[in-house]
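What follows is each chain in one-letter form.
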Amino acid sequence: MLDQFLDTPIQFGFDTLALLVILIALEAVLSADNAIALAALCQGLEDGKQQRQALNLGLAVAFLLRVLLILTASWVTKFWQFELMGAAYLLWLVFQYFTSEQGKDHEHHGPRFKSLWHAIPVIAVTDLAFSLDSVTTAIAVSQDTWLIITGVVIGIITLRFMAGLFIRWLDEFVHLEDAGYITVGLVGFRLLLRVFDSKLIPPEWLMISLIAILFVWGFSKRKILDAPIDKGQQSSTSQQSPVAEDSNL
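Residues numbered from 1 in each chain as written. Predicted model: local features only at pLDDT ≥ 70, side-chain atom pairs only at ≥ 80, totals over all residues. Heavy atoms only, no water.

**What to know about the overall build of the chain**
Broken down by element type, the chain carries 10 helices and zero strands. What you see in the chain, going N to C, is helices and strands ordered as α-α-α-α-α-α-α-α-α-α. By the burial criterion, 40% of the 249 residues in the chain qualify as buried. The long-range share in the chain, meaning contacts at least 24 apart out of those at least 6 apart in sequence, stands at 85%. Split by element, the accessible area of the chain, about 14,700 Å² in all, is 67% carbon and sulfur. (Helix = DSSP H or I, 4+ residues; strand = E, 2+ residues; numbered from the N terminus. Buried < 20%, exposed > 50% of the residue type's maximum accessible area, 1.4 Å probe, protein only. Contact = heavy atoms within 4.5 Å. Areas by Shrake-Rupley, 256 points an atom, 1.4 Å probe, with all protein chains shown as cover.)

Right, here's the structure in full:
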């Protein structure tokens, strides 16, 4: 009787729903570091409207690349060179950031883009490098391609929402961009360890804990914005100054 119940299509639906929830949770957890990395890249465009456009179009291309990665995952996972290129790319981004010249605000800055179309491929490729890890995890959970793609769709939407928040927060918190690039370095280092020996990869709970600590540090200090000068006060001061000079005479 119990076996017949477990074999019914309704139970299969419950199993599918449970797997979908797990995939969504994995995408949300694994997207936090990805979101801050993409938000930091968008900072390379000075115009806020272009930042949003680059994020939207870049993630649209990234979605297509993720689907292509899923469909070819059984072939891609046979070649360690893909993970090596992904690790090298992410570590190069981190190296470029921390070796960049500090600006007037005494902070490092990521790559600067001359136009929207220079930023879009960088955003898409960066997301693809992050996806090498998350897609492998998703395939280990389920072999249903449509289920994984559904998780990716929800993950991309979540990523867009989180990255949009980080774009705003990067202008408010001093250490957040540094914390974001350090998390990129952790992901790159994790991919590099996977290339040499999968047994060397740190457990997932350790990675999540380190990223959580970095995020706490990133949000620990707000930027102090210069108070705007009151024009009325400035004019009154300029008018009073001659009087003050006359009284001194």
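Alright, that's what it looks like, and here's the rest.
**Some thoughts on the nonpolar core**
Judged by nonpolar contacts, the single largest core of 48 residues is most densely connected at Leu 38, Leu 55, Leu 59, Leu 90 and Phe 166. At the level of elements, helix H2 (9-42), helix H3 (48-71), helix H5 (80-98), helix H6 (116-141), helix H7 (145-169), helix H8 (176-196) and helix H9 (204-218) are the ones that each hand at least two residues to this core. Once residues lying within four places of it in the same chain are set aside, the contact partners of Phe 166 are Ala 32, Ala 35, Ile 36, Ala 39, Leu 176, Phe 215 and Phe 219. (Core = buried A, V, L, I, M, F, W, Y, C linked by side-chain atoms within 4.5 Å.)

**Considering the pattern of salt bridges**
Taken as a whole and judged by the stated rule, the model has three salt bridges. Between Glu 83 and Arg 194 there is a salt bridge, with its nearest N and O atoms 3.7 Å apart. Separated by 111 residues along the polypeptide, Glu 83 in helix H5 and Arg 194 in helix H8 bring together distant segments of the chain. When its relative accessible area of 15% is taken as the criterion, Glu 83 is described as buried. (Salt bridge = Lys/Arg side-chain N within 4 Å of Asp/Glu carboxyl O.)

**A closer look at the environment of Leu 45**
By the element assignment, Leu 45 lies in the loop between H2 and H3. Along the sequence, Leu 45 and Pro 111 sit 66 residues apart, while their C-alpha atoms lie 9.2 Å from each other. Other than its neighbours up to four places away in sequence, Leu 45 contacts Gln 50, Gln 51, Ala 54, Phe 113, Ser 115, Leu 116 and Ala 119.

**Brief notes about the layout of surface pockets**
Space left empty within the atom packing is revealed by a probe, the size of a water molecule, rolled over the atoms. Its boundaries defined by the atoms lining it, the second largest pocket holds a volume of some 260 Å³. At the level of secondary structure, the elements contributing two or more residues to the lining of the second largest pocket comprise H3, helix H4 (73-76), H5 and H6. A per-class count over the lining of the second largest pocket returns 12 nonpolar, two polar and no charged. (1 Å grid on protein atoms, 1.4 Å probe; cavity = no way out; pocket = protein on both sides within 12 Å on 5 of 7 lines; lining within 4 Å. Points joined across faces, edges and corners; volume = space filled by probe spheres on them. Nonpolar A, V, L, I, M, F, W, Y, C, P; charged D, E, K, R; others polar.)

**Describing the packing of aromatic side chains**
As enumerated under the stated definition, the model contains nine aromatic pairs in all. Measuring from centroid to centroid gives 5.7 Å for Phe 166 and Phe 215, while their planes differ by 90°, and the two rings are edge-to-face. With Phe 166 in helix H7 and Phe 215 in helix H9, the pair connects residues that are 49 residues apart, well separated along the chain. The burial state of Phe 166 is the same as that of Phe 215; both residues are buried. Joined through ring pairs, the aromatic side chains of Phe 166, Trp 169, Phe 173, Phe 215 and Phe 219 make up one cluster. (Phe/Tyr/Trp six-rings, centres within 6.5 Å; stacked < 30°, edge-to-face > 60°.)

**With respect to the packing of H5 against H8**
Interhelical geometry of H5 versus H8 gives an angle of 155° and a closest axis separation of 8 Å. Here H5 lies roughly antiparallel to H8, going by the angle between them. Seen from above, H5 lies across H8 with left-handed handedness. In terms of residue class, the contact of H5 with H8 is built from 17 nonpolar, three polar and four charged. (Axes fitted to C-alpha atoms, helices over the stretch in contact; angles between N-to-C directions. Parallel < 35°, antiparallel > 145°, perpendicular 65-115°, else oblique. Left-handed = near helix turned anticlockwise from the far one by under 90°.)

**Digging into the packing of H8 against H9**
Running from amino to carboxyl end, H8 crosses H9 at an angle of 165°, the nearest separation of the two axes being 8 Å. Between H8 and H9, the angle falls in the class roughly antiparallel. With respect to the hand of their crossing, H8 and H9 are arranged in right-handed fashion. For the pair H8 and H9, the contacting residues are Leu 176, Asp 178, Ala 179, Ile 182, Thr 183, Leu 186, Val 187 and Arg 190 in the first and Glu 204, Met 207, Leu 210, Ile 211, Leu 214, Phe 215, Trp 217 and Gly 218 in the second.

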